[in-house]
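One letter stands for each residue in the lines below.
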Amino acid sequence: MPIKASELILNPDGSVYHLNLRPEHLANTIITVGDPDRVASVTKHFDSVEFTTHKREFHTQTGTYKGKKITVISTGIGTDNIDIVFNELDALVNIDLDKREIKSELTSLDIIRIGTSGSIQKEIPLDSFLISEYAAGFDSLLHFYDSEHVQYFKISEALKVQTNWFDKKSDPYVVKCSDRLLKKLSSDKTVTGFTATNVGFYGPQGRILRLPIQDNELNDKLANFNFDGKSITNLEMETAGIYGISNLLGHNALSMNAIIANRATGGFSEDPKAIVEKLIKYTLDKIVS
């Protein structure tokens with residue numbers, strides 16, 4: 001049965017609706033960034049760029065780095081955008097867009113996020129590289145999918161108990177990265193962490209400007225969380241969605257975080273652009289190694 005036009009929306013040129021991409025535009029290795037302007041910060045290191053498109057917050061460039069074909073795409077902020085980007089990336093490789101049918105042989109993509117994050121542990125210094133082994137999602141994205149088989153319920157239940165989780169918030173879900181990519185991109189220059197993915201930047205991450213928040217101690221509770229030696233290390237806004245959707249669709253995902261803030265000490269990087277630039281170069285070199 002062909003997928004209905006209302007479910008898989010295509011543009012007049014046959015490209016997927018939001019990303020404005022066709023299958024031939026995509027490499028099997030993909031780097032995601034949040035900021036559309038950061039795409040060029042990655043591809044400036046490429047040998048060449050052969051394709052560029054930009055629609056809404058989704059900016060894409062495909063080219064080669066040291067002979068390897070790589071696509072770089074911006075997702076914007078938040079797991080709602082991750083839902084759009086990752087479903088459409090999967091459609092490009094695993095659905096015949098002309099016939100609107102799922103292919104009999106599926107392709108698994110390697111997807112690596114390069115982003116910024118704030119540590120909640122004093123011992124994780126500013127300007128360090130943190131790789132998310134696990135991620136806890138405080139949004140509700142994964143609960144809209146048949147996803148129990150990719151979740152780590154013992155960890156999420158312990159998280160709710162130890163933080164006295166407010167029952168009107170979405171149940172946290174815990175997911176894991178690709179073990180192969182974790183091994184490939186780790187080194188003595190990286191810290192392996194457990195990332196909390198929040199639904200916002202201010203209240204959800206404990207920032208107070210004019211609005212009071214429901215739990216003033218949540219960040220401290222997260223910092224003190226422990227499950228079999230696993231502690232939550234940092235906060236950001238996409239990783240859990242990336243891991244969840246990737247695991248469901250059969251793709252390999254890893255989140256690389258430039259630690260530009262330390263919420264425990266109140267510190268902020270003196271040169272966040274420089275640390276992101278170093279992380280970009282580190283990631284590219286590890287991808288082709």
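Let us look at the structure shown here.

Reading the values: the criteria
- Residues numbered from 1 in each chain as written.
- Predicted model: local features only at pLDDT ≥ 70, side-chain atom pairs only at ≥ 80, totals over all residues.
- Heavy atoms only, no water.
- Helix = DSSP H or I, 4+ residues; strand = E, 2+ residues; numbered from the N terminus.
- Rg over C-alpha atoms; globule rule 2.2 N^0.38 Å.
- Contact = heavy atoms within 4.5 Å.
- Areas by Shrake-Rupley, 256 points an atom, 1.4 Å probe, with all protein chains shown as cover.
- Lys, Arg positive; Asp, Glu negative; His and termini not counted.
- Charge placed at Lys NZ, Arg CZ, Asp CG, Glu CD.
- Salt bridge = Lys/Arg side-chain N within 4 Å of Asp/Glu carboxyl O.
- Core = buried A, V, L, I, M, F, W, Y, C linked by side-chain atoms within 4.5 Å.
- Buried < 20%, exposed > 50% of the residue type's maximum accessible area, 1.4 Å probe, protein only.
- Polar contact = N/O pair within 3.5 Å; in protein donor to acceptor, adjacent residues only side chain to side chain.
- Expected span 1.5 Å × (residues − 1).
- Patch = residues over 30% accessible without salt bridge, like charges linked within 9 Å, V, L, I, M, F, W, Y side chains within 5 Å.
- Phe/Tyr/Trp six-rings, centres within 6.5 Å; stacked < 30°, edge-to-face > 60°.

1. A closer look at the overall build of the protein chain
Part 1 of the argument: Helices and strands together make up the secondary structure of the protein chain, namely seven helices and 13 strands.
Part 2 of the argument: Its C-alpha atoms give the protein chain a radius of gyration of 19 Å, near enough to 19 Å, the size a compact globule of 289 residues would have.
Part 3 of the argument: By principal-axis analysis of the C-alpha atoms, the protein chain measures approximately 50 × 40 × 40 Å.
Part 4 of the argument: A sequence separation of at least 24 residues applies to 76% of the contacts in the protein chain between residues at least 6 apart.
Part 5 of the argument: Roughly 13,600 Å² of accessible area belongs to the protein chain as shown, and the carbon and sulfur atoms make up 50% of that amount.
Part 6 of the argument: Taken together, the 32 basic and 38 acidic charged side chains of the protein chain have centroids lying 3 Å from each other.

2. Some words on the pattern of salt bridges
Part 1 of the argument: Under the defined criterion, the tally for this structure stands at 13 salt bridges.
Part 2 of the argument: Ionic pairing is found between Asp215 and Lys221, a salt bridge with its closest N-O pair at 2.9 Å.
Part 3 of the argument: Overlapping salt bridges, with partners in common, bring together Lys66, Lys281 and Asp285 in one network.

3. Focus: the nonpolar core
Part 1 of the argument: Grouped together as the largest cluster of nonpolar side chains are 58 residues, with contacts concentrated most on Ile31, Leu89 and Leu254.
Part 2 of the argument: Once residues lying within four places of it in the same chain are set aside, the contact partners of Ile31 are Val42, Ile70, Thr71, Val72, Ile73, Ile112, Ile114, Leu284 and Ile287.
Part 3 of the argument: Among the nonpolar cores identified, the runner-up in size contains 18 residues, and Phe138, Trp165, Phe194 and Leu235 belong to it.

4. Details of the side chain of Thr195
Part 1 of the argument: Along the chain, Thr195 falls in strand β10 (residues 190-197).
Part 2 of the argument: For Thr195, a relative accessible area of 0% puts it in the buried group.
Part 3 of the argument: Here the side chain of Thr195 touches Asn234 through a polar contact of 2.8 Å, side chain to side chain.
Part 4 of the argument: Residue contacts for Thr195: discarding those within four places in its chain leaves Leu130, Ser132, Tyr134, Ala135, Ala136, Thr233, Asn234, Glu236, Thr239 and Asn257.

5. Things to note about helix α2 (residues 79-94)
Part 1 of the argument: For α2, which comprises 16 residues, the first-to-last C-alpha distance of 22 Å matches the rise-based estimate of 22 Å (1.5 Å per residue) to within 8%.
Part 2 of the argument: Within α2, twelve of the 16 residues are buried, which leaves it mostly tucked inside the rest of the structure.
Part 3 of the argument: Those residues of α2 that fall on the buried side of the exposure criterion are Thr79, Asn81, Ile82, Val85, Phe86, Glu88, Leu89, Asp90, Ala91, Leu92, Val93 and Asn94.

6. Description of a nonpolar patch on the surface
Part 1 of the argument: A cluster of nonpolar residues, Phe201, Tyr202 and Leu209, forms a patch on the protein surface that exposes about 350 Å² of accessible area.
Part 2 of the argument: Structurally, the position occupied by Phe201 is in the loop between β10 and α5 (218-224).
Part 3 of the argument: On the basis of relative accessible area, Phe201 is assigned to the partly exposed category, the value being 41%.

7. Quick notes on helix α6 (residues 239-249)
Note on helix geometry: an α-helix contains 3.6 residues per turn, so any two residues three or four positions apart are oriented the same way.
Part 1 of the argument: Counted residue by residue, α6 has eight buried out of eleven residues, so it is predominantly covered.
Part 2 of the argument: One or two steps after α6, the chain reaches Gly250, where phi turns positive at roughly 85°.

8. Some words on the packing of aromatic side chains
Part 1 of the argument: In total, this model carries seven aromatic pairs according to the counting rule given.
Part 2 of the argument: Plain terms: the ring middles of Phe129 and Tyr282 are 5.5 Å apart, the flat faces sit at 50° to each other, and that makes the pair tilted. You can see Phe129 sitting in strand β8 (residues 129-137) and its partner Tyr282 sitting in helix α7 (residues 272-288), a full 153 residues away along the chain.
Part 3 of the argument: For Phe129, a relative accessible area of 9% gives the class buried.
Part 4 of the argument: Taking the relative accessible area as the measure of exposure, Tyr282 reaches 9% and is therefore buried.
Part 5 of the argument: Taken together, a centroid distance of 5.4 Å and an interplanar angle of 85° make the contact between Tyr134 and Tyr152 edge-to-face. Note that Tyr134 is positioned in strand β8 and Tyr152 in the loop between β8 and α3 (153-163), a separation of 18 residues in sequence.

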